[in-house]
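Overview (structure and organization)
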Amino acid sequence: MAPLTRLLAAIPVVASVVASANPTAEHLLADDECAAGDDTCALNAAQLRAEVRRHREESGINASLPEYTTECFSFTGGTCLTAPCDAARGAECIDKKCLCEKGCSGADGKCYDAKNKKVAGGFYLSNGKYDKYKMYFQSVSAFGQMKTTKMWSSMNNEQDTFDLYEVAGSRGSKKSYFLASAKWPSYVVGFKATTGTALSPFGAYAVDLKD
């Protein structure tokens, strides 16, 4: 891909490498794939990918690695398994995902230089009808559901404290936000199907951005 091939000038590659078993940086950056069952190629590809990133860091070229936090989420939502990343995203193909190596992904799936903006922090979410109940992130859960509690925040280990981040870009005229745990920065609230684990067809779940 064009954004990645610019890095080749800064990456020394051994010229005598056999392409089928030992992919060069050029081959790796072009499609990042090995033939099915070729374990030697897969191992060398992983080693070479690490070498590519090490040279990037040492040379200062796009040294920042992808992030998966509420302040900066690198995944644009696109994949490059069968086709290159859409040029409009400004992303690079890494591990078959279109990631922002320099900058953060916006709500529109494009890369931006700015990090997400924290617009509120340290607040609680109370039930509109039963105002003594607050939503909180569970420290241990089989399915990751959000729960409610009447306990004081100090007794709940601050698991009921939230931060709100405004994500760069927009979908049409609407802005997007991360409703995040103040205690665990990589966890946000997501809504998805309960798949038979509750009476309601949809529910609020804790989602780890690193996943």
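Residues numbered from 1 in each chain as written. Predicted model: local features only at pLDDT ≥ 70, side-chain atom pairs only at ≥ 80, totals over all residues. Heavy atoms only, no water.

1. Considerations on the state of the cysteines
As used in these notes, a disulfide is a covalent bond between sulfur atoms, one from each of two cysteines. Stated precisely, the cut-off is as follows: Cysteine sulfur atoms that pair up within 2.5 Å are treated as a disulfide. Helix and strand definitions follow DSSP, with helices as H or I runs of at least four residues and strands as E runs of at least two, each counted in order from the N terminus. Each residue is placed in one exposure class: buried if its accessible area under a 1.4 Å probe, protein chains only, is under 20% of its type's maximum, exposed if it is over 50%, and partly exposed if it falls in between.
With the rule as written, the count across this model stands at 4 disulfides. Between the sulfur atoms of Cys85 and its disulfide partner Cys98 the distance amounts to 2.2 Å. An S-S torsion of about -105° defines the bridge between Cys85 and Cys98 as left-handed. Here Cys85 is found in the loop between strand 1 (75-79) and strand 2 (92-94), whereas its partner Cys98 is found in strand 3 (residues 97-99), with 13 residues between them in sequence. For the pair Cys85 and Cys98, a shared accessibility class is recorded, and that class is buried. Disulfide pairing is shown between Cys100 and Cys111; the S-S distance is 2.0 Å. Between Cys100 and Cys111 the sulfur-sulfur dihedral comes to about -90°; the bridge is accordingly left-handed.

2. Some details on the pattern of salt bridges
Basically, it comes down to this: We count a salt bridge whenever a side-chain nitrogen from Lys or Arg sits within 4 Å of a carboxyl oxygen from Asp or Glu.
Scanning the entire structure with this criterion turns up 4 salt bridges. Notably, a salt bridge pairs Asp160 with Lys134, separated by 2.8 Å at the nearest N-O pair. Of this pair, Asp160 sits in the loop between strand 8 (147-149) and strand 9 (162-171) while Lys134 sits in strand 7 (residues 134-136), and the two are 26 residues apart along the sequence. For the pair Asp160 and Lys134, one class covers both residues: buried. Two residues, Glu166 and Lys175, come together in a salt bridge whose shortest N-O distance is 3.6 Å.

3. Quick look at the sheet that holds strand 1
Heads up, the condition is: Paired strands, as defined in this entry, are two strands with at least two bridges between them according to DSSP. Helix axes use the C-alpha atoms of the stretch in contact, all axes being lines fitted to C-alpha atoms, and the angles between their N-to-C directions lie in the range 0 to 180 degrees.
Strand order in the open sheet formed by 3 strands is 1-3-2, with antiparallel pairing between adjacent strands. Sheet topology places strand 1 and strand 2 at the edges, where each strand pairs with a single neighbour. Sheet twist, expressed as the mean angle between neighbouring strand axes with direction ignored, is 40°. As paired elements, strand 2 and strand 3 share 3 bridges and run antiparallel to each other. Bridge pairing links Cys93 to Cys98 in strand 3.

Interpretation note: all reported values are geometric properties and have no functional meaning in isolation.
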